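Examining the three-dimensional arrangement
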Amino acid sequence: MERNQMHRQIANTRKSFFDQGYLDEQFIQLEELQDNSNPNFVEEVVTLFYRDSARFLHNLDQALEKRPLDFNKLDSLMHQFKGSSSSIGAKKVKTECTNFRAYCNAQNAEGCKRTYQQVKREYTTLKKKLEAYFQMSRQVGPIEMACRPR
């Protein structure tokens, strides 16, 4: 594939993340912090997010195994995961975290369990999409400065 065509594909992939609601304005703000002195800044921040997320998800898995459920602890853990997700602009993940926290506040165990599965699905989907995007970006080299999706 020629270089210009690859750049177009990367731009279209990036745009689809916003069009489909996977990412929000925070991701653009991260891109705006990236420059020639740190051309992989966004990928590095996202990689740190994934590393931290593994710990949050493990802790949530353990908390959801305990009986009775400690809704305050679950809410606190999800609050932390939501904040981490917000920091990279993971819009759908953040939305599901909010839904989970609402079930915690209502002390609805089934709602928590069901919504937690959705949190993990959205997280996994975004992770796969961003990994493919960063892999494409690395193949073609540096791209233009960040611009807002249209």
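Residues numbered from 1 in each chain as written. Predicted model: local features only at pLDDT ≥ 70, side-chain atom pairs only at ≥ 80, totals over all residues. Heavy atoms only, no water.

Short version of the rule: UniProt positions are given in the numbering used here, feature names are shortened, and annotations may be inferred rather than shown by experiment.
Naming follows an unreviewed UniProt entry, where the protein chain appears as Histidine-containing phosphotransfer protein of Lactuca virosa. Heading Function (unreviewed entry) of the UniProt record for the protein chain holds this comment: "Functions as a two-component phosphorelay mediators between cytokinin sensor histidine kinases and response regulators (B-type ARRs). Plays an important role in propagating cytokinin signal transduction."

What to know about unusual backbone geometry
Rules: Under the DSSP-based scheme used, a helix requires at least four consecutive residues in state H or I and a strand at least two consecutive residues in state E, with every element numbered from the N terminus.
Here the amide bond leading from R67 into P68 is cis, since omega sits at -10°, within 30 degrees of zero. Position of P68 among the secondary structure elements: in the loop between α3 (41-65) and α4 (71-88). Despite not being glycine, Q107 has its phi angle at roughly 55°, a positive value. With respect to the helices and strands, Q107 occurs in the loop between α5 (91-105) and α6 (109-140).

A few points about the nonpolar core
The criterion, for reference: Working definition of a nonpolar core: buried Ala, Val, Leu, Ile, Met, Phe, Trp, Tyr and Cys residues. They are joined through side-chain atoms within 4.5 Å. Note on exposure labels: buried denotes an accessible area under 20% of the residue type's maximum, exposed denotes more than 50%, and partly exposed covers the range between, all computed with a 1.4 Å probe on protein chains only. Note on contacts: a residue pair is in contact if any heavy atoms of the two residues lie within 4.5 Å.
Among the nonpolar cores identified, the biggest contains 40 residues, and L74, F81 and L130 are the most heavily contacted of them. In terms of residue count, α6 provides more of this core than any other element does, ten residues in total. What L130 contacts, discounting residues up to four positions off in sequence, is F17, L23, F27, V46 and Y50.

A closer look at the environment of K92
By the element assignment, K92 lies in helix α5. Those residues in contact with K92 that sit more than four places away from it in its chain are Q20, G21, Y22 and E122.

Some details on the packing of aromatic side chains
To be explicit about the condition: Classification of ring pairs rests on two measures: the distance between centres of Phe, Tyr or Trp rings, Trp counted by its six-membered ring, which must be within 6.5 Å, and the angle between planes, read as stacked under 30 degrees, edge-to-face over 60 and tilted in between. A positively charged side chain is recorded as over a ring if its NZ (Lys) or CZ (Arg) lies within 6 Å of the ring centre. The angle to the ring normal must also be within 35 degrees.
Counted under the stated rule, the structure contains ten aromatic pairs. Clustering of aromatic rings is evident, with ring pairs tying together F49, Y50, F56, F81 and Y123. Sitting over the face of the ring of Y22, K92 holds its NZ or CZ atom 4.1 Å from the ring centroid. Here K127 stacks its cationic end above the ring of Y50, 5.2 Å away from the centre of that ring.

So, the UniProt feature "coiled-coil region" (unreviewed entry) in the protein chain
In this structure's numbering, the residues bearing the UniProt feature "coiled-coil region" (unreviewed entry) are residues 109-136. The annotated region residues 109-136 carries 100% helix and 0% strand content, and the separation between its end C-alpha atoms amounts to 41 Å.

As for the confidence of the model for the protein chain
Interpretation of the predicted coordinates at a detailed level should be avoided for regions scoring low in pLDDT. How we decide: Scored between 0 and 100, pLDDT is the confidence that the predictor attaches to each residue.
The pLDDT averaged across the protein chain works out to 93; a share of 93% of its residues lies at or above 70. A low-confidence stretch, residues 144-148 (pLDDT under 50), is modelled with nine contacts involving residues beyond four sequence positions or located in other chains.

A short note on α4
Residues separated by three or four positions in an α-helix point in the same direction, a consequence of the helix having 3.6 residues per turn. To keep things clear, this is the line we draw: What a helix is expected to span follows from its residue count: subtract one and scale by 1.5 Å. Each polar contact in these results corresponds to two N or O atoms within 3.5 Å; when the atoms are within protein, one needs to be able to donate a hydrogen and the other to accept it, and residues that are neighboring in sequence are counted only if both atoms are side-chain atoms.
In a regular helix each residue adds 1.5 Å, so 18 residues correspond to 26 Å; α4 covers 26 Å between its end C-alpha atoms and thus fits that length. Within the span of α4, buried status applies to F71, L74, D75, L77, M78, F81, S84, S85 and I88. Buried residues belonging to α4 abut α2 (25-33), α3, α5 and α6. The N-cap of α4, judged by a side-chain oxygen 3.2 Å from the amide nitrogen of N72 a few residues on, is D70. One or two steps after α4, the chain reaches G89, where phi turns positive at roughly 85°.

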